[in-house]
Amino acid sequence: MLSADGDVILYEVARQILNDFDNLIEEFYEWKKTSCYDEQLFVEFLQQK
């Protein structure tokens, strides 16, 4: 479940993403190009994985 400031949204992800979630979060912080981000940017990142 993700939410920036609005409604909570439930996303279904592959087990591989769930199993590697901690590493993916670290990669996301390196990948993002701004200090301001929301759940949509994180979902976009995950979709590329």
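Everything quoted here is computed from the prediction, not taken from an experiment.

Asks: Let's hear about the packing of aromatic side chains: which residues, and what values?
Replies: Applying the stated criterion to the full structure yields seven aromatic pairs. Between Phe-42 and Phe-45, the aromatic rings sit 6.4 Å apart at their centres with planes inclined by 25°, giving stacked as the arrangement. One end of the pair, Phe-42, and the other, Phe-45, are both in helix 3 (residues 39–48), three residues apart, so they sit about a helical turn from each other. Of the two residues, Phe-42 and Phe-45, both sit in the buried class. Taken together, the ring pairs in this structure connect Phe-21, Phe-28, Tyr-29, Trp-31, Phe-42 and Phe-45 into an aromatic cluster. If you follow Lys-33 out to its NZ or CZ, it ends over the ring of Trp-31, 5.7 Å from the centre.

Asks: Go over a nonpolar patch on the surface, please, and point to the residues and values.
Replies: Taken together, the side chains of Ile-9, Tyr-11, Val-13 and Leu-18 define a hydrophobic patch exposed on the protein surface, amounting to about 320 Å² of accessible area. Within the secondary structure, Ile-9 sits in the segment before helix 1 (15–19).

Asks: Which residues make up the environment of Phe-28, and what values do they have?
Replies: Locating Phe-28 in the fold gives a position in helix 2 (residues 21–31). Once the C-alpha coordinates of Phe-28 and Phe-42 are considered, the two residues, 14 residues apart in sequence, prove to be 7.2 Å apart.

Asks: How would you explain the packing of helix 2 against helix 3 if you had to name every residue and give the values?
Replies: When two helices pack together, their arrangement is captured by the angle between the axes and the distance separating the axes. The contact between helix 2 and helix 3 brings their axes to 11 Å, and the two run at 110°. Judged on the interaxial angle alone, helix 3 and helix 2 are roughly perpendicular. Note that helix 2 runs across helix 3; the crossing there is right-handed. Taken together, the residues of helix 3 that come into contact with helix 2 (itself represented by Phe-21, Leu-24, Ile-25, Glu-27, Phe-28 and Trp-31) are Leu-41, Phe-42, Glu-44, Phe-45, Leu-46 and Gln-48.

How each quantity is defined
- Residues numbered from 1 in each chain as written.
- Predicted model: local features only at pLDDT ≥ 70, side-chain atom pairs only at ≥ 80, totals over all residues.
- Heavy atoms only, no water.
- Phe/Tyr/Trp six-rings, centres within 6.5 Å; stacked < 30°, edge-to-face > 60°.
- Helix = DSSP H or I, 4+ residues; strand = E, 2+ residues; numbered from the N terminus.
- Buried < 20%, exposed > 50% of the residue type's maximum accessible area, 1.4 Å probe, protein only.
- Lys NZ or Arg CZ within 6 Å of the ring centre and 35° of its normal.
- Patch = residues over 30% accessible without salt bridge, like charges linked within 9 Å, V, L, I, M, F, W, Y side chains within 5 Å.
- Areas by Shrake-Rupley, 256 points an atom, 1.4 Å probe, with all protein chains shown as cover.
- Salt bridge = Lys/Arg side-chain N within 4 Å of Asp/Glu carboxyl O.
- Axes fitted to C-alpha atoms, helices over the stretch in contact; angles between N-to-C directions.
- Parallel < 35°, antiparallel > 145°, perpendicular 65-115°, else oblique.
- Left-handed = near helix turned anticlockwise from the far one by under 90°.
- Contact = heavy atoms within 4.5 Å.

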